[in-house]
Amino acid sequence: MEKVADKTVRTTGTNGSRSVEQNPDIRFLGRILGDVIRRFGGDTLFRRIEYIRSTSVDRYRGLISGDAVDPGLAALSQDEALDFVRGFMLFSMLANLAEDRQSESAEPDATLAEALEILKGEGVGEDQVAALLDDGLIMPVLTAHPTEVRRKSMIDHKNRIADLMRVRDQGHSETPDGERVEEALARQVAFLWLTRPLRRERLFVADEVETALSYMRDIFLPVLPRLYGRWEGVLGRRPKSFLRLGSWIGGDRDGNPNVTVDSLRLALGRSSDTVLLYYLDEVHALGAELSISAELANVTPQLRALADRSHDASPARADEPYRRAISGIYARLAATYEAKKGKEPPRPSRLQAEPYASPAEFSAELQAIVEALACEGNGLLSAHAPLRRLIRTVETFGFHLATLDLRQNSNVHEKVVAELLATAGVQPDYLALSEDERVALLRKELGSERLLSSPFLTYSEQTQTELAIMHGAAEAHALYGPAAIQYHVISKTEQLSDLLEVHLLLKEAGLWSPTKAPHAGIMAVPLFETIADLERAPEVVRKWLQLPEIMTAVTERGHAEVMIGYSDSNKDGGYLTSVWSLYKGSEALAAVFAEAGVHMQLFHGRGGAVGRGGGSSFAAIRAQSKVTVQGRIRITEQGEVIAAKYATPDIAATNLEAMTAATVLASLEQDELSEADHGRFAAMMDRLSQASFSEYRSLVYDEPGFPTFFRQMTPLSEIATLNIGSRPASRTKSDRIEDLRAIPWVFSWAQARVMLPGWYGVGSAVSSTQDLGLLREMIAAWPFFRTSLDNIAMVLAKSDIAISARYAELVEDEKMRDHLFGRIRDEWHRTHDALLEITGETSLLERNRRLRNSIQLRLPYIEPLNHLQIELMRRFRSGETDQKVQDGIHLTINAIATALRNSG
Ligand code: PGA
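Fair warning: this is a prediction, and the values are worked out from it, not measured in the lab.

Draft legend 1. Region of the structure containing the overall build of the protein chain. When helices and strands are tallied, the protein chain shows 36 helices and 13 strands. Oriented by its inertia axes, the alpha-carbon framework of the protein chain measures out at about 85 × 75 × 60 Å. Sorting the 904 residues of the protein chain into buried and exposed places 61% on the buried side. Nonlocal contacts in the protein chain, meaning residues at least 24 apart in sequence, comprise 81% of its contacts between residues at least 6 apart.

Draft legend 2. Focus on helix α14 (residues 385–397). With 13 residues, α14 ought to run about 18 Å at 1.5 Å a step, and its terminal C-alpha atoms sit 18 Å apart, in line with that. When we look at burial in α14, the residues that qualify are L387, L390, I391, R392, T393, V394, T396 and F397. Considering only its buried residues, α14 is in contact with α9 (205–235), α10 (261–289) and α13 (359–374).

Draft legend 3. Region of the structure containing the UniProt feature "active site" (unreviewed entry) in the protein chain. In the numbering used here, UniProt assigns the "active site" (unreviewed entry) feature to H145 and K571. Turning to its location among the elements, H145 is positioned in the loop between β3 (137–143) and α7 (152–169). For H145, the contacting residues outside a window of four places in its chain are W248, D252, R407, R612, Q638, G639, R727 and I743. A polar contact of 3.0 Å, which involves the side chain of H145, links it to the side chain of T143. Tracing the chain through its elements places K571 in helix α21 (residues 566–573). K571 sits in the buried class, given a relative accessible area of 3%.

Draft legend 4. Local environment of the packing of aromatic side chains. All told, the structure shown has 27 aromatic pairs when counted by the stated rule. For the pair W231 and F242, a centre-to-centre distance of 5.5 Å together with 25 degrees between the ring planes defines the contact as stacked. Highlighted residues: W231 in helix α9 and F242 in the loop between α9 and β4 (246–247), separated in sequence by 11 residues. Residue W231 is classed as buried on the basis of its relative accessible area, which comes to 0%. Grouped by ring-pair contacts, the aromatic residues Y278, Y279, Y356, F362 and F399 constitute a single cluster. Looking at K152, its charged tip hangs above the ring of Y215, at a distance of 5.9 Å from the centre. Across the ring face of Y430, the terminal group of R438 is positioned such that the distance to the ring centre comes to 4.7 Å.

Draft legend 5. Inspection of the sheet that holds β3 at higher detail. Here 9 strands make up an open sheet; going across it, the order is β5-β4-β3-β13-β12-β11-β10-β7-β6 and the pairing parallel. At either end of the open sheet lies a strand with only one pairing partner, and these are β5 (403–404) and β6 (406–409). Pairing analysis gives 3 bridges linking strand β12 (residues 599–605) to strand β13 (residues 632–638), with the strands arranged parallel. Following the sheet pairing, F603 is matched in β13 by R634.

Draft legend 6. The arrangement of the side chain of H413 in detail. Relative to the helices and strands, H413 resides in helix α15 (residues 410–423). Ignoring sequence-local partners within four residues, the contact set of H413 consists of R253, Q408, E466, H488, I490, E501, V502 and L505.

Draft legend 7. Geometry of α9. Where α9 bends most, the angle comes to about 35 degrees, and this point is F220, followed within four residues by the proline P222. Downstream of α9 by one or two residues, G236 has phi in the positive range, about 75 degrees.

Draft legend 8. Highlighting the pairing of strand β7 (residues 487–491). For β7, the buried fraction is high: 5 of the 5 residues fall into the buried class. The pairing of β6 with β7 spans 4 bridges and is parallel. Of the residues in β7, the one forming a bridge with Q408 is I490. Taken together, the 4 bridges between β7 and strand β10 (residues 523–528) define a ladder with parallel strand orientation.

Draft legend 9. Structural detail: the site of the ligand. Taken together, H145, R407, S567, D568, R612, R727, R731, R741 and I743 make up the full set of residues near the ligand. Side-chain polar atom of R407 to an oxygen atom of the ligand: 2.6 Å apart, as the coordinates give it. A distance of 2.3 Å separates an oxygen atom of the ligand from a polar atom in the side chain of R612. Here the ligand loses 94% of its free accessible area of 280 Å² to cover by the protein chains. Residues that form the shell around the ligand fall into these classes: 1 nonpolar, 2 polar and 6 charged.

Draft legend 10. Layout of the environment of R48. Inspection of the secondary structure assignment puts R48 in helix α3 (residues 43–60). Looking at R48, the relative accessible area reads 33%, which means it is partly exposed. For the pair R48 and P386, spaced 338 residues apart in sequence, the C-alpha to C-alpha distance is 56 Å. Those residues in contact with R48 that sit more than four places away from it in its chain are A75, L76 and E80.

Draft legend 11. Representation of the pattern of salt bridges within the structure. Within the structure shown, the criterion is met by 69 salt bridges. Linking R226 and D650 is a salt bridge whose minimum nitrogen-to-oxygen distance equals 3.3 Å. Here R226 is found in helix α9, whereas its partner D650 is found in helix α25 (residues 649–668), with 424 residues between them in sequence. A salt bridge links E395 to R238; the nearest nitrogen and oxygen atoms lie 3.0 Å apart. Of the two residues, E395 is situated in helix α14 and R238 in the loop between α9 and β4; the sequence distance between them amounts to 157 residues. A relative accessible area of 28% places E395 in the partly exposed class. On the basis of relative accessible area, R238 is assigned to the partly exposed category, the value being 36%. Because the salt bridges share partners, they merge into one network encompassing R31, D35, R38, D43 and R47.

Draft legend 12. The environment of L665, seen in detail. By the secondary structure assignment, L665 is in helix α25. Between the C-alpha atoms of L665 and L112, which are 553 residues apart in sequence, the distance is 9.3 Å. Sequence-distant contacts of L665, defined by excluding residues within four places in its chain, comprise A115, I118, L119, F618, R622 and K626.

Draft legend 13. Expanded view of unusual backbone geometry. Here Q630, not a glycine, exhibits a phi torsion of approximately 50 degrees, which is positive. With respect to the helices and strands, Q630 occurs in the loop between α23 (617–622) and β13. Phi is positive for M755, close to 50 degrees, though the residue is something other than glycine. Along the chain, the position of M755 falls in the loop between α29 (742–751) and α30 (762–767). M755 gets classed as buried once you look at its relative accessible area, which sits at 9%.

Draft legend 14. Looking closely at the nonpolar core. Judged by nonpolar contacts, the single largest core of 153 residues is most densely connected at Y279, F362, I369 and W544. Top contributing element to this core by residue count: α9, with 15 residues. With residues near it in sequence (within four places) discarded, F362 still touches Y279, V283, I329, L333, Y356, V394 and F399. Within the second largest apolar cluster, 136 residues are counted, among which are I49, L73, F784 and A834.

Draft legend 15. Highlighting the pairing of strand β11 (residues 559–565). Most of β11 sits inside the fold, with 7 of its 7 residues counted as buried. Residues H559, E561, M563 and G565 point to one face of β11 and A560, V562 and I564 to the other, with burial holding for every one of them. Direction of pairing for β10 relative to β11: parallel, over a ladder of 2 bridges. Bridging from a neighbouring strand, F528 pairs with I564 of β11.

What counts and what doesn't
- Residues numbered from 1 in each chain as written.
- Predicted model: local features only at pLDDT ≥ 70, side-chain atom pairs only at ≥ 80, totals over all residues.
- Heavy atoms only, no water.
- Helix = DSSP H or I, 4+ residues; strand = E, 2+ residues; numbered from the N terminus.
- Buried < 20%, exposed > 50% of the residue type's maximum accessible area, 1.4 Å probe, protein only.
- Contact = heavy atoms within 4.5 Å.
- Expected span 1.5 Å × (residues − 1).
- UniProt positions renumbered as here; feature names shortened; annotations may be inferred.
- Polar contact = N/O pair within 3.5 Å; in protein donor to acceptor, adjacent residues only side chain to side chain.
- Phe/Tyr/Trp six-rings, centres within 6.5 Å; stacked < 30°, edge-to-face > 60°.
- Lys NZ or Arg CZ within 6 Å of the ring centre and 35° of its normal.
- Pairing = 2+ DSSP bridges.
- Bend = angle between axes of the 7 residues up to and from the residue.
- Near = heavy atom within 4 Å.
- Areas by Shrake-Rupley, 256 points an atom, 1.4 Å probe, with all protein chains shown as cover.
- Nonpolar A, V, L, I, M, F, W, Y, C, P; charged D, E, K, R; others polar.
- Salt bridge = Lys/Arg side-chain N within 4 Å of Asp/Glu carboxyl O.
- Core = buried A, V, L, I, M, F, W, Y, C linked by side-chain atoms within 4.5 Å.

Take a look at the structure:
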């Protein structure tokens, strides 16, 4: 690793496009890693790894010719091969860390202040922005989608290294603990080297809950109130808490039989525990600080009343009304904790008190303190930051911390409803009914005060599980308040009855009231995820909103939500058709909401990889059609994306601020396109999408051998046994691509360096048109098109068709392989050439130097890993199934995913 340092500060190989500028931190950390490998693995190991590394780097730079050199992989023993993979993986981890530091210090995408400046130039004032936000909601929603390959222990070591690098930046040679910084760094890298990277045990939902909780507690809880503090200054007034946190972990049971009502209780209980303990600590600290004596300051009657209500009779505090009031608040909080947890908090109160009925009650008492402080000293005291921050924290996180969504597949609901209707003697065969008959029956049941389920009847396991979830949700509302669970997402929504079935199940637990003014304690949210479903979405939602009982419930909330799925639409129709259907579908949905006169809230289900809607969130939100945002957006955040975007409080603050700025801009910025241009561009997109769709479908769904080809060519089955998530890789046992989950689909193609979901079909689409001028016009004028092409370029730059050809050799049937891989290769070249032709670049990412550098730095490290992975897969599949071979495959998967920076 050491030699990287000497050679690659700036090198131009024979091929100009392979010039790589290297970040000095990468050289520094690479040198430390090299030393650690030598010290712990021995000189021979170090030299062997170094030989592979330098040969690969030289080959990439064109300094030596490709085929002539044996990179030395074959000379490695089995143990050395595993060490080599770990070495390359750690190098990538450290390179990622160094790059993240660079982006931390670089200009962020945009701040709210900058967004306000841009809008000011268009005549939009701060008041309009504040009004939008007051009525808005921006919510990142953490999910446990299985794409984070690294163990939490490895990520924690990495974060410690980042902290030490910050100490070094400040010019200190010693850490606050008195260690020499360079030695401490070497020690942390050594810990990384000596930590087993693979999980031996499978993950349970409880592990996923804990991992998410660490981000909620250490990052979101302190960062959000800090951001609001900054924004109050920018907006010139205090906005409502529009930025909040959501989670799916413990509530998302779609295809995950391990999520039950116990997971729901665990997730909510742990979150509430965390936030209440945080409040107790903060209130305790306030009490220590607010030592104001009534002998030296005036006290408002409200504060005096609050102090008296505390019954704090301590003579030491007799003249300290603030402290007495705070003792009372502390006692009520402690009682609240006990009411929810069934035990006293670690630092109990000495006073007897009633629990708070709601977070609002707690915050009103804190507000009384602010008002009392405001009475004197011209606001000097009432601006007390910790107190204001605490009030903001309570407003944002309540007693629940994160809003937990429920999610299940429509197929499950349908069966459960059918069973309930049959056992109650209402309808023996619900599944045989037509859609209209189903809707009529469901509406009748929704209006009825009688329930379907009965404690005297027995139900299938699935029905029991689903009913238990509904009752668990009602229990959570009673314990933590309605903000704890607000939405029930329905995967694979196809028709109106899918929505009504969920309302009916919620009704069984009292979460839908069939009164004259129907009320939905939890609102159903349709998730549209195939191309056909996205096309149908506006019609389904229109019918839903036309039902008076639904409109009453929606109007009461002020909005309804629709979720759109990026990965499944991509798997169904290919990249271009997916992004275009999502864009068009969202616009059509916005029109349906406008017609109904209620706010739409779109929930974007996206992942890290481009094939799953990944890419820059700032660019993606900003490129949304204006009518679809309007201050409201929810977005999934998952796996490696959480670890990257929320690694430290500062990185998290930058990303959350960018998300907010993008939402404000997407809602209020003037549309760059005239209606006429929009029409011309949309017509072109329709044509491109059609051509791309035909090419994609004819390969993935119409070629009879494709499922076998895909399974043999990629490490799909090996990914399924990685132990990176609690849920199975497929919803069913079938081999069909339709039934495979989108994550392993995208993940497998990335490992084999094809990245097919990010580009396949685009080449054919562009070749189908003569009008390249129009495409260039679209790039210049339309953020949606530009962002889509940027994403395709990024994916293509990470793909390598020569390496994928080696993976294709794993396919047993030669004829099938030549035919199917031939199609992929031809389309790859078509797409690559088309992209250069319409962007006018001579090589991919020519105008995005930073990203190009980042990718090119990694490529020489990925290629040997790919070769080793192929070799190990070959051995494993021919019967060499010993643990080391399996570990080797899993390690290469980890290392390649780490180097590519997004997994699935
Ligand atoms: P899902 O997620 O399979 O849980 O719907 C897909 C994704 O996030 O890519």
